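Inside the fold
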Amino acid sequence: MAYVKGYDFVKARSPEHLPHFYLVMATIRMLLVLTVVGIYVLLTENRADTIHFALACVTLYVVMMVVTLSLRH
């Protein structure tokens, strides 16, 4: 939601900054995913659950990137 609203805002006001906006949002998303996975790894003792959770997060991240790129580019 923040990406779509921010994209529209930047596009309307200063479209030359769209590449910077995209890079910042991609970095924030990646850091959020890594933070969530890292916290789960630290708090979980079951290795199999940790691997499944990490794979699910990475899969969802990749799908989100594909959808984002196909909708806005």
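Here is what the cut-offs are and how they apply
- Residues numbered from 1 in each chain as written.
- Predicted model: local features only at pLDDT ≥ 70, side-chain atom pairs only at ≥ 80, totals over all residues.
- Heavy atoms only, no water.
- Helix = DSSP H or I, 4+ residues; strand = E, 2+ residues; numbered from the N terminus.
- Rg over C-alpha atoms; globule rule 2.2 N^0.38 Å.
- Buried < 20%, exposed > 50% of the residue type's maximum accessible area, 1.4 Å probe, protein only.
- Contact = heavy atoms within 4.5 Å.
- Expected span 1.5 Å × (residues − 1).
- Arc of directions from axis to C-beta.
- Patch = residues over 30% accessible without salt bridge, like charges linked within 9 Å, V, L, I, M, F, W, Y side chains within 5 Å.
- Areas by Shrake-Rupley, 256 points an atom, 1.4 Å probe, with all protein chains shown as cover.
- Salt bridge = Lys/Arg side-chain N within 4 Å of Asp/Glu carboxyl O.
- Core = buried A, V, L, I, M, F, W, Y, C linked by side-chain atoms within 4.5 Å.

Along the chain, the regular secondary structure elements total three helices and zero strands. When its helices and strands are written in sequence order, the chain yields α-α-α. The globule rule puts the C-alpha radius of gyration for 73 residues at 11 Å, and the 15 Å found for the chain is more than 25% above it. Dimensions of the chain, computed from the C-alpha atoms along their principal axes, are close to 50 × 20 × 15 Å. The burial tally for the chain puts 23% of its 73 residues in the buried class.

Note that Tyr61 resides in helix H3 (residues 47-72). Spatially, the C-alpha atom of Tyr61 lies 15 Å from that of Met1, the residues being 60 residues apart in sequence. Those residues in contact with Tyr61, other than ones at most four positions away along the chain, are Ala26, Arg29, Met30 and Val33.

The subject of this paragraph is helix H1 (residues 2-13). Compared with the 16 Å implied by 1.5 Å per residue over 12 residues, the 16 Å span of H1 between its first and last C-alpha is a close match. Listed as buried for H1 are Tyr3, Gly6, Tyr7 and Val10. All buried residues of H1 lie within an arc of 105° about the axis, which places them on one face of the element. H1 presents Lys5, Ala12 and Arg13 as exposed residues on the side facing more than 90 degrees away from its buried surface.

Let us look at a nonpolar patch on the surface. A grouping of Val24, Ile28 and Leu32 is seen on the molecular surface, where their side chains present a nonpolar patch of about 270 Å² in accessible area. Along the polypeptide, Val24 turns up in helix H2 (residues 18-43). Judged by relative accessible area, Val24 falls into the partly exposed class, the value being 47%.

This part is about the environment of Ala54. Structurally, Ala54 is set in helix H3. A residue is classified by how much of its surface remains accessible, and Ala54, at 23% relative accessible area, is partly exposed. Along the chain, Ala54 and Val36 lie 18 residues apart, while their C-alpha atoms are 9.2 Å from each other.

Let's shift gears to the nonpolar core. Counting 10 residues, the largest nonpolar core consists of Tyr3, Tyr7, Val10, Leu18, Phe21, Tyr22, Met25, Ala26, Tyr61 and Met65. Where this core is concerned, the elements lending two or more residues are H1, H2 and H3. No other element matches H2, which puts five residues into this core. If we skip the residues at most four places from it in the chain, Val10 touches Pro15, His17, Leu18 and Phe21.

So yeah, pure geometry; function would need other evidence.
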